[in-house]
Amino acid sequence: MKQMIRNIDSIKSEIQKACTKVRRDPSEVKLLAVSKTFSVETIKAAYAAGQRLFGENRVQELCQKASLLPPDIEWHLIGTLQRNKVKDVVGKVALIHSVDSLPLAQEINKQALKRNLSVNILLQVNIAEEESKHGFALEEIAAKVKAMCQLPGIKIRGLMTIAPFTENPEEVRLVFRQLKMLAESLEKMRLPEVQMQELSMGMSGDFGVAVEEGATLVRIGSRIFGTRDM
Ligand SMILES: *Cc1c(COP(=O)(O)O)cnc(C)c1O
């Protein structure tokens, strides 16, 4: 518990440092605590320390935990979402970071309209074109956004990327910079209900660089909670 609070504090001070370096306002950067695989008790401890934004990568785990934890937690889905799971998650999450296809966006739209809601989403972009990773390709995204902005049940709030794993975060600086540039170019298209206000980028190993390049949401698991077994 004490260690976790120290971890959160040190992450926040690194975010602050990165912001100072590039003259950003630190209040523009939100810390998403990635609690996947960690217990409800562990999440309660982080909650007691003041943390309110939590990210999970699986729908079932998210729903289970959400049902056992205080309602003022803001849940974010960050993992690959299968179309048949969309109905379970709509209405329960503040933001879906991992929308990676038009059919998925259409299904979210359909389930949202059934419930009279609109769902905030980010579009996951595979900037580094890694075969193992999901996400839109750079070349296709403008056309896909044009199609998705017609869907009244979704609100596109920005972009998300997962940088390639590296020991040296400087090596992925360009990935983050490209995501920011892409967001700026999509913003210039001035499409209805498309706002590029959020950039979800940066994890335990690379969030400092991501913040320097414009991240507004950093997704951090192991630096807060320790290493995961799975
Ligand atoms: C697990 C996960 C994270 C957090 O990773 P850490 O390296 O533990 O900080 C961030 N984003 C996504 C999409 C993840 O699945």
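Not measured: the values here are computed from a predicted model.

Peer 1: Where do I start with the site of the ligand in this structure?
Peer 2: Neighbouring the ligand are Val-34, Lys-36, Ile-78, Ile-162, Met-203, Ser-204, Arg-219, Ile-220, Gly-221, Ser-222 and Arg-228. Within the side chain of Arg-219, one N or O atom sits 2.8 Å away from a nitrogen atom of the ligand. Taken together, the residues of the shell around the ligand sort by class into 5 nonpolar, 3 polar and 3 charged.

Peer 1: What exactly am I supposed to notice about the packing of aromatic side chains here?
Peer 2: In this description, a pair of aromatic rings is defined by centroid distance and the angle of the planes. Under the criterion given, the structure shown has 2 aromatic pairs. With a centroid separation of 6.0 Å and 40 degrees between ring planes, the pair formed by Phe-54 and Trp-75 is classed as tilted. Highlighted residues: Phe-54 in strand S2 (residues 53–56) and Trp-75 in strand S3 (residues 74–77), separated in sequence by 21 residues. Take Phe-54: its relative accessible area is 0%, and that puts it in the buried class. Among the residues examined, Trp-75 registers a relative accessible area of 4% and is labelled buried. A cation over a ring is seen here: Arg-52 above Tyr-47, with NZ or CZ 3.6 Å from the ring centre.

Peer 1: Whenever I open this one, a positive patch on the surface confuses me. Can you help?
Peer 2: Among the surface-exposed residues, Arg-58, Lys-85, Lys-87, Lys-92, Lys-114 and Arg-115 lie close enough to one another that they form a single positively charged patch. With respect to the helices and strands, the residue Lys-85 is situated in the loop between S3 and helix H4 (86–89).

Peer 1: Explanation requested: the pattern of salt bridges in the structure shown.
Peer 2: It is possible for side chains bearing opposite charge to pair when their charged atoms get close. One pass over the full model with this rule turns up 16 salt bridges. Glu-107 serves as the salt-bridge partner of Lys-110, at 3.9 Å between the closest nitrogen and oxygen. Note that Lys-110 and Glu-107 are positioned in helix H5 (residues 102–114) at a spacing of 3 residues, about one turn of the helix. A residue is classified by how much of its surface remains accessible, and Lys-110, at 45% relative accessible area, is partly exposed. Between Arg-177 and Glu-213 there is a salt bridge, with the nearest N and O atoms lying 2.9 Å from each other. Of this pair, Arg-177 sits in helix H7 (residues 173–187) while Glu-213 sits in the loop between helix H8 (207–212) and strand S8 (217–220), and the two are 36 residues apart along the sequence. Under the relative-accessibility criterion, Arg-177 is labelled partly exposed at 37%. The buried category is assigned to Glu-213, whose relative accessible area is 11%. Sharing partners across several salt bridges, the network here consists of Lys-21, Glu-170, Arg-173, Arg-177, Glu-212 and Glu-213.

Peer 1: Is there a simple way to explain the environment of Ile-5 in this structure?
Peer 2: Locating Ile-5 in the fold gives a position in helix H1 (residues 2–21). Since its relative accessible area comes to 31%, Ile-5 is described here as partly exposed. Sequence separation between Ile-5 and Ile-78 is 73 residues; the distance between their C-alpha atoms is 23 Å.

Peer 1: Before we go on, may I ask you to explain the environment of Glu-28 in this structure?
Peer 2: As for its placement among the helices and strands, Glu-28 is situated in the loop between H1 and strand S1 (30–34). When the C-alpha positions of Glu-28 and Ala-215 are compared, they lie 8.5 Å apart, and in sequence the two are 187 residues distant. Within the structure, the side chain of Glu-28 is placed 3.1 Å from the side chain of Arg-24, a separation counted as a polar contact.

Peer 1: Would you mind showing me how to read the nonpolar core here?
Peer 2: Soluble globular proteins tend to bury their nonpolar side chains together. Ranked by size, the top nonpolar core spans 71 residues in total, and within it Ile-96, Ile-108, Leu-123 and Leu-159 carry the most contacts. In this view, Ile-96 contacts Leu-77, Leu-81, Val-89, Ile-108, Val-119, Asn-120, Ile-121 and Leu-122; residues no more than four positions away in its chain are not counted.

Basis of the calculations
- Residues numbered from 1 in each chain as written.
- Predicted model: local features only at pLDDT ≥ 70, side-chain atom pairs only at ≥ 80, totals over all residues.
- Heavy atoms only, no water.
- Near = heavy atom within 4 Å.
- Polar contact = N/O pair within 3.5 Å; in protein donor to acceptor, adjacent residues only side chain to side chain.
- Nonpolar A, V, L, I, M, F, W, Y, C, P; charged D, E, K, R; others polar.
- Phe/Tyr/Trp six-rings, centres within 6.5 Å; stacked < 30°, edge-to-face > 60°.
- Helix = DSSP H or I, 4+ residues; strand = E, 2+ residues; numbered from the N terminus.
- Buried < 20%, exposed > 50% of the residue type's maximum accessible area, 1.4 Å probe, protein only.
- Lys NZ or Arg CZ within 6 Å of the ring centre and 35° of its normal.
- Patch = residues over 30% accessible without salt bridge, like charges linked within 9 Å, V, L, I, M, F, W, Y side chains within 5 Å.
- Areas by Shrake-Rupley, 256 points an atom, 1.4 Å probe, with all protein chains shown as cover.
- Salt bridge = Lys/Arg side-chain N within 4 Å of Asp/Glu carboxyl O.
- Lys, Arg positive; Asp, Glu negative; His and termini not counted.
- Charge placed at Lys NZ, Arg CZ, Asp CG, Glu CD.
- Core = buried A, V, L, I, M, F, W, Y, C linked by side-chain atoms within 4.5 Å.
- Contact = heavy atoms within 4.5 Å.

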